[in-house]
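Here are the chains, one letter per residue:
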Amino acid sequence: MSNNITSDSILAALSKVQEPELHRDLVTLNMIRDIEIKNETVNFAIVLTTPACPLRGSIEKQAREAVLALPGVKTVNIKMDANVPNDGRNRGLLNLPIRNAIAVASGKGGVGKSTVSANLAVALAQSGARVGLLDADIYGPNIPTMMGIHDIPGTKDDKLIPAEGYNVN
């Protein structure tokens, strides 16, 4: 650390940055994590409640400007992250890495459930969410075709290995 840059001074600067929708500062909302100070460079993470936050760019810009205004800070690296809270349903009681689920259903065939599901999954993935897509159509699953999946991976250690058919990165 040089020029008296401390975690406390960084938190003080970030406490002046308001989350635009919640109207409270980033520090009070416990959105700042992993502060590192290396010479004149400050690294930290801002943890949002959704990867699809429409104001993430504004929050990042204001946080960067606040920390760059501190004496001795020349570079600010911000990792934008998200921690989507669990809704508390049974998925949270199971030992599975699933926090939230969206079901697309209808009592009738041919209404576009697979199309809506595929587009929803891709849009969420492009927004930064980790997404899995399950086609439970027993008679004619369309999702593997829509996602460009030609081979099913099978199992390993008595667990299904998910096929990967779309990568937004």
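Everything below is about the structure shown above.
Below or above, wherever it landed, is the structure these notes cover. On a predicted model such as this, the values are computed, not experimentally measured, just so you know. (Residues numbered from 1 in each chain as written. Predicted model: local features only at pLDDT ≥ 70, side-chain atom pairs only at ≥ 80, totals over all residues. Heavy atoms only, no water.)

Topic: the nonpolar core
Core analysis: the biggest nonpolar cluster contains 23 residues, and Ile-10, Leu-14, Leu-26, Phe-44, Ile-46 and Val-67 have the highest contact counts within it. Setting aside residues up to four positions removed in sequence, Val-67 forms contacts with Ile-10, Leu-14, Val-42, Phe-44, Val-73 and Val-76. If you look at the next biggest cluster of nonpolar residues, it comprises five residues, including Ala-118, Val-122, Ile-143 and Ile-149. (Core = buried A, V, L, I, M, F, W, Y, C linked by side-chain atoms within 4.5 Å. Buried < 20%, exposed > 50% of the residue type's maximum accessible area, 1.4 Å probe, protein only. Contact = heavy atoms within 4.5 Å.)

As for the side chain of Glu-19
Relative to the assigned elements, Glu-19 resides in strand S1 (residues 18–19). It turns out Glu-19 is buried and unbridged, and the closest side chain with the opposite charge, Arg-24, is 9.3 Å from it. Within the structure, the side chain of Glu-19 is placed 2.6 Å from the backbone nitrogen of Leu-22, a separation counted as a polar contact. (Helix = DSSP H or I, 4+ residues; strand = E, 2+ residues; numbered from the N terminus. Lys, Arg positive; Asp, Glu negative; His and termini not counted. Salt bridge = Lys/Arg side-chain N within 4 Å of Asp/Glu carboxyl O. Polar contact = N/O pair within 3.5 Å; in protein donor to acceptor, adjacent residues only side chain to side chain.)

With respect to helix H3 (residues 113–126)
Helix length check: H3 (14 residues) gives 20 Å between terminal C-alpha atoms against 20 Å at 1.5 Å per residue, within 8%. Every buried residue of H3 is listed here: Ser-114, Ser-117, Ala-118, Ala-121, Val-122 and Ala-125. Down the axis of H3, the buried side of the element spans an arc of 125°, and every buried residue falls inside it. The exposed set on the far side of H3, more than 90 degrees from its buried face, consists of Asn-119 and Gln-126. Close packing links the buried residues of H3 with helix H4 (143–146). (Expected span 1.5 Å × (residues − 1). Arc of directions from axis to C-beta.)

A few points about the sheet that holds strand S4 (residues 41–48)
Reading across from one edge, S3-S4-S5 is the order of the three strands in this open sheet, with mixed pairing throughout. Two strands bound the open sheet, and with one partner strand each, they are strand S3 (32–38) and strand S5 (75–82). Here the average twist between neighbouring strands, direction ignored, is 15°. Bridge analysis of S3 against S4 gives five bridges, and the strand direction is antiparallel. Looking across to S4, one finds that Arg-33 is bridged to Ala-45. Running at roughly 130° to S3, helix H1 (residues 7–14) makes contact with S3 and S4 of the sheet. Sheet strands touched by helix H2 (residues 56–68): S4 and S5. Its angle to S5, the strand with the most contacts, is close to 150°. (Pairing = 2+ DSSP bridges. Axes fitted to C-alpha atoms, helices over the stretch in contact; angles between N-to-C directions.)

A few points about the side chain of Ser-117
Tracing the backbone shows Ser-117 in helix H3. Taking relative accessible area as the criterion, Ser-117 reaches 15% and is therefore assigned buried. Reaching out from Ser-117, the side chain makes a polar contact with the backbone oxygen of Lys-113 at a distance of 2.8 Å.

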